[in-house]
Amino acid sequence: AALGGARVAPRVGARSRGDAGPRRRTASARVSAEAGESGVTTIAEPPRTPEEADAALATRPSREACLPAASAAPPAAVAAFLEREGRHATFRGSMTGAVRLSERADAKRRGRGVREYMALPASQYNTLDGETVTRMGDDVFVCELGKLDFLGFAIAPVLTAKVDVQPGGRGTVIRAESATLRGSRLVERADDLFEIDSVNRVGWRYLYGEDEETDDDVSDARACEIASETNVNVYLLVPSWFPFTVRATERTGNFVVRQVVKQVVPRFLKQLKNDYDVWATG
């Protein structure tokens, strides 16, 4: 595992599972027995060593499996908004993408592997995207997006997002907590007529055992993949004076949101790769 060579990965994975399995089953059984007495059925597993964690990451079979979990429940503000009376329109856009990179053995030995990168606190991020990004705390950011044309109106969304770094370097969940609109006086008057639920799940995995050809020319490098799944839902309460039907509004809104997502996800992944490559060199 320290050498990081692709050839030793299958043996590392097999050895880790064989050595750690009995210990994990014993610990799980003990926790289950103790929990049973109190009526709680949660099973806790003992912490993994870095080598065991790497071996587990190497076995993720798909991009979906490497993405961290995120709550499916909408934020409280969105749930309350959907209860308001009136004509509701929903715009949706989603995209999953991935970028390949190489984890050099010397970087891994210096604690600069992909897992260590993905475990960095949000305060050290250099990949935040937008016209202007303002850090409001260790894990909260305000991002001013560029202007968008929507049904003849020029709007500039401003998002407040929270970054949740998952334990063990598993990945990151970025969720919009609130949004406001800037633009003409008419646009800003309509600010309370919409809400947004945007979630970006970012994960990674080793590509051991895959049939894909690798671009790596260095034998001491591991092929890795950083994946991102972005889902954006915009909810609009269509005002009575709006000259378009809900269906026409949704057609235009869906097109705009999908185009934004198609531009943002590849750019975000490219920034992640470039940032990791720089960070890995120290």
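Just so it is clear, the model here is predicted, and its values are computed rather than measured.

**A closer look at the side chain of Glu103**
(1) Moving on: By the element assignment, Glu103 lies in strand E1 (residues 87-104).
(2) Moving on: Assessed through its relative accessible area of 1%, Glu103 is described here as buried.
(3) Moving on: There is a polar contact of 2.8 Å between the side chain of Glu103 and the backbone nitrogen of Val114.
(4) Moving on: Polar contacts involving the side chain of Glu103 include one to the side chain of Tyr206, which spans 2.9 Å.
(5) Moving on: When sequence neighbours within four positions are dropped, the list of residues in contact with Glu103 reads Lys108, Gly113, Val114, Arg115, Tyr206, Asp220, Ala221, Arg222, Cys224 and Tyr276.

**Describing helix H8 (residues 246-280)**
(1) Moving on: The end-to-end C-alpha distance of H8, which contains 35 residues, comes to 49 Å, matching closely the 51 Å that a straight helix rising 1.5 Å per residue would cover.
(2) Moving on: Remark: Gly282 follows H8 within two positions and exhibits a positive phi of approximately 90 degrees.

**Structural notes on the confidence of the model for the protein**
(1) Moving on: In this model, the protein carries an average pLDDT of 75, and 70% of its residues clear a pLDDT of 70 or more.
(2) Moving on: Mean pLDDT in the protein bottoms out at helix H1 (residues 9-38), which sits at 36, and peaks at E1, which reaches 93.
(3) Moving on: Throughout residues 1-45 the model reports pLDDT below 50, and contacts reaching past four residues in sequence, or to other chains, amount to 37 contacts.
(4) Moving on: Below a pLDDT of 50 lies the segment residues 210-217, which in the model reaches nine contacts outside its immediate sequence neighbourhood of four places, other chains included.

**Focus: the pattern of salt bridges**
(1) Moving on: Overall, the coordinates contain nine salt bridges when judged by the stated rule.
(2) Moving on: Linking Arg104 and Asp220 is a salt bridge whose minimum nitrogen-to-oxygen distance equals 3.4 Å. Note that Arg104 is positioned in strand E1 and Asp220 in the loop between strand E7 (194-206) and strand E8 (221-238), a separation of 116 residues in sequence.
(3) Moving on: Taking the relative accessible area as the measure of exposure, Arg104 reaches 34% and is therefore partly exposed.
(4) Moving on: For Asp220, a relative accessible area of 27% translates into the label partly exposed.

**Some details on the packing of aromatic side chains**
(1) Moving on: Inspection of every chain in the model, using the stated rule, returns six aromatic pairs.
(2) Moving on: Between Trp204 and Tyr206 the ring centres are 5.0 Å apart and the planes differ by 90 degrees, which places this aromatic pair in the edge-to-face class. The exposure classification of Trp204 matches that of Tyr206, with both residues buried.
(3) Moving on: With centroids separated by 5.8 Å and ring planes inclined at 75 degrees, the aromatic side chains of Trp241 and Phe242 adopt a geometry described as edge-to-face.
(4) Moving on: Of the residues examined, Trp241 reaches a relative accessible area of 44% and is grouped as partly exposed.

Reading guide: rules and limits
- Residues numbered from 1 in each chain as written.
- Predicted model: local features only at pLDDT ≥ 70, side-chain atom pairs only at ≥ 80, totals over all residues.
- Heavy atoms only, no water.
- Helix = DSSP H or I, 4+ residues; strand = E, 2+ residues; numbered from the N terminus.
- Buried < 20%, exposed > 50% of the residue type's maximum accessible area, 1.4 Å probe, protein only.
- Polar contact = N/O pair within 3.5 Å; in protein donor to acceptor, adjacent residues only side chain to side chain.
- Contact = heavy atoms within 4.5 Å.
- Expected span 1.5 Å × (residues − 1).
- pLDDT = per-residue confidence, 0-100.
- Salt bridge = Lys/Arg side-chain N within 4 Å of Asp/Glu carboxyl O.
- Phe/Tyr/Trp six-rings, centres within 6.5 Å; stacked < 30°, edge-to-face > 60°.

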